[in-house]
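Each chain, written out:
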Amino acid sequence: MGTSARFKKHIWGYLFIVPAAVIFILFLWMPIVKGFVYSFYQVDFVKGNTFVGLDNFRTVLHDQDVWTAVKNTLYYMLLCLLIGFWVPIVFSIAISELKRFQGFVRVAAYLPNVIPVVVLYGLWRWMYDPVGPINATITQAGFEPISFMTDTKWSMISLVFMETWQQFGAAMLIYLAAVLSIPRDLYEAAEIDGAGVWNRIRHITLPFIRNLVILLLILQLIATSQGFQSQFAMLDGGPNNATLTYALLIVKYAFTRLDYGAASALGVLMFLVLGGLAVLQHRLSSREVN
C-alpha cells in the first residue's frame, strides 16, 4: 500500500489529531522556542528587542539571588524527599493490609487533594498562626511556640508539610494499585512459611514496586524543582528570601524587574536541567514497560 493510500485510509484519525497538535505547538513549543530566542535579547516591547548575546546569562549567573534561589530549591527538593516521598508508600502498603474499611480509608486519604488551593492556604495560615491550633498544642505540651511563617528555619519546612498533607493521596493511589496487583499467592505462601508483616513487605512488596518507586522519584524531582505556587501565595519568597525558589525568581525577574531577557535565560537553564531529568525518566519508564 502506497503512502497516499495509507493517508486516505487514516485521514479521519489525522483530522482528530490536528486540534490537539495545534494547541500543543501554540501553547507549549512556541513559548519554549521564544524563550530560547529572548534569552539572547534585551526585550523591550516598546522600542524593540536588542541582541545582547550571552549577556543575560552572565547577568543571572552573577546575581546572588539566583544562587540563593538554587540553594533554596535544592533544599525544598530535599525536604520533599525526606518528609513527603515515603508517606504515600507507607500509606499504600498499610491500606493494602487492611481487611475492612479499605475503600473508606482510600477516599479519606485522597480528599485533601481536591481542596481548592485558596481554601488550603487559608486553612494552613490559620493552622500556622502564632495563636493557631498547632501552636496552642505545642504550648500546652510545655514548649515554646514556633513562628512557622516568619522564622527562616521553619518557613520552608512548614510549606513542605502543608503540600505533603494535600498531595500525597494521588501518589498513594498509584502505589496502592501497584501493591494490589501483586499476586496474592506470594503473600499466602509467605504466611504459611511463617513470614511476618515486615518480612512480607521487605521481600515481596518493595521488590515488586521498586521500579515504580524510582520512576515516581524522578517525577517528584522534576515537579519539586519547579516549586512556585505555595512559596508565592503563602510567603512571596520570604521571610528574608528563605522560600525564594528558582521558578519564583523567574517570575520576579519577568514581572517585578521587567527583565524578560534575563527571565528567559533563567528559564533556558532550567529547561536544560529538567530536560536531562526527563530523559532519565523516559529511560526508566521504558525499562518499566519492558
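Each value, and the rule that gives it
Residues numbered from 1 in each chain as written. Predicted model: local features only at pLDDT ≥ 70, side-chain atom pairs only at ≥ 80, totals over all residues. Heavy atoms only, no water. Helix = DSSP H or I, 4+ residues; strand = E, 2+ residues; numbered from the N terminus. Rg over C-alpha atoms; globule rule 2.2 N^0.38 Å. Buried < 20%, exposed > 50% of the residue type's maximum accessible area, 1.4 Å probe, protein only. Contact = heavy atoms within 4.5 Å. Areas by Shrake-Rupley, 256 points an atom, 1.4 Å probe, with all protein chains shown as cover. Lys, Arg positive; Asp, Glu negative; His and termini not counted. Charge placed at Lys NZ, Arg CZ, Asp CG, Glu CD. Salt bridge = Lys/Arg side-chain N within 4 Å of Asp/Glu carboxyl O. Core = buried A, V, L, I, M, F, W, Y, C linked by side-chain atoms within 4.5 Å. Axes fitted to C-alpha atoms, helices over the stretch in contact; angles between N-to-C directions. Parallel < 35°, antiparallel > 145°, perpendicular 65-115°, else oblique. Left-handed = near helix turned anticlockwise from the far one by under 90°. Nonpolar A, V, L, I, M, F, W, Y, C, P; charged D, E, K, R; others polar. Phe/Tyr/Trp six-rings, centres within 6.5 Å; stacked < 30°, edge-to-face > 60°. Lys NZ or Arg CZ within 6 Å of the ring centre and 35° of its normal.

1. Here we look at the overall build of the protein
Here's step 1: From N to C terminus, the protein includes 13 helices and 2 strands.
Here's step 2: Computed over its C-alpha atoms, the radius of gyration of the protein comes to 24 Å, more than 25% above the 19 Å expected for a compact globule of 290 residues.
Here's step 3: Residues counted as buried form 37% of the 290 residues belonging to the protein.
Here's step 4: The contacts of the protein with a sequence gap of at least 6 include a subset with a gap of at least 24, amounting to 66%.
Here's step 5: Put simply, the protein shows about 17800 Å² of open surface, and 68% of that area lies on carbon and sulfur atoms.
Here's step 6: Once the 20 positive and 16 negative side-chain charges of the protein are each reduced to a mean point, those two points are 11 Å apart.

2. Some words on unusual backbone geometry
Here's step 1: Of note, the amide linkage connecting G238 to P239 takes the cis form, showing an omega dihedral of -5°.
Here's step 2: Positioned with a positive phi, N240 is a non-glycine residue whose angle comes to about 55°.
Here's step 3: One can find N240 in the loop between α11 (229-235) and α12 (246-255).
Here's step 4: Look at L258: it is not a glycine, yet its phi comes out positive at around 55°.
Here's step 5: Position of L258 relative to the elements: it lies in the loop between α12 and α13 (260-289).
Here's step 6: The exposed category is assigned to L258, whose relative accessible area is 52%.

3. Some remarks on the pattern of salt bridges
Here's step 1: Evaluation of the coordinates by the stated rule reveals 4 salt bridges.
Here's step 2: For D55, the salt bridge is made with R58, and the minimal N-O distance between the two is 2.7 Å. Placement of both D55 and R58 in helix α3 (residues 55-61) is noted, with a separation of 3 residues, approximately one turn of the helix.
Here's step 3: Residue D55 is classed as partly exposed on the basis of its relative accessible area, which comes to 37%.
Here's step 4: With relative accessibility at 46%, the residue R58 sits in the partly exposed group.
Here's step 5: Its salt-bridge partner being K252, residue D236 comes within 3.1 Å of it at the nearest N-O pair. Here the residue D236 occupies a position in the loop between α11 and α12, and K252 occupies one in helix α12, the gap between them amounting to 16 residues.
Here's step 6: A relative accessible area of 22% places K252 in the partly exposed class.
Here's step 7: Connected through shared salt-bridge partners, D63, D65 and R257 make up one network.

4. Notes on the nonpolar core
Here's step 1: Ranked by size, the top nonpolar core spans 22 residues in total, and within it V66, L249, Y253 and L266 carry the most contacts.
Here's step 2: Only α4 (64-96), α10 (197-224), α12 and α13 provide two or more residues apiece to this core.
Here's step 3: The residues touching L249, leaving out its near neighbours within four places in the chain, are D65, V66, A69, L244, R257 and L266.
Here's step 4: Counting 15 residues, the second largest nonpolar core, distinct from the first, contains I93, Y175, I182 and I204.

5. Considering the packing of helix α8 (residues 155-180) against α10
Here's step 1: Their axes nearest at 10 Å, the elements α8 and α10 cross at an angle of 150°. Between α8 and α10, the angle is such that the two are roughly antiparallel. As for the relative orientation of α8 and α10, their crossing is right-handed in sense. Listed contacts from α10 to I174, Y175, A178 and V179 of α8 are T205, I209, L212, V213 and L216.
Here's step 2: Its residues assigned to classes, the contact of α8 with α10 comprises 8 nonpolar, 1 polar and no charged.

6. Quick notes on the packing of aromatic side chains
Here's step 1: This structure, assessed with the given rule, holds 12 aromatic pairs.
Here's step 2: Ring geometry for F40 against F57: centres 5.7 Å apart, planes inclined by 50°, an arrangement best described as tilted. With F40 in the loop between α2 (11-38) and β1 (41-42) and F57 in helix α3, this residue pair connects regions lying 17 residues apart in the sequence.
Here's step 3: With centroids separated by 5.5 Å and ring planes inclined at 15°, the aromatic side chains of F228 and F232 adopt a geometry described as stacked.
Here's step 4: By relative accessible area, which is 42% here, F232 ends up partly exposed.
Here's step 5: Pairwise contacts between aromatic rings join W124, Y128, F148, W154 and W165 into one cluster.
Here's step 6: Over the ring of Y253 we find R257; its NZ or CZ atom is 4.2 Å from the centre of that ring.

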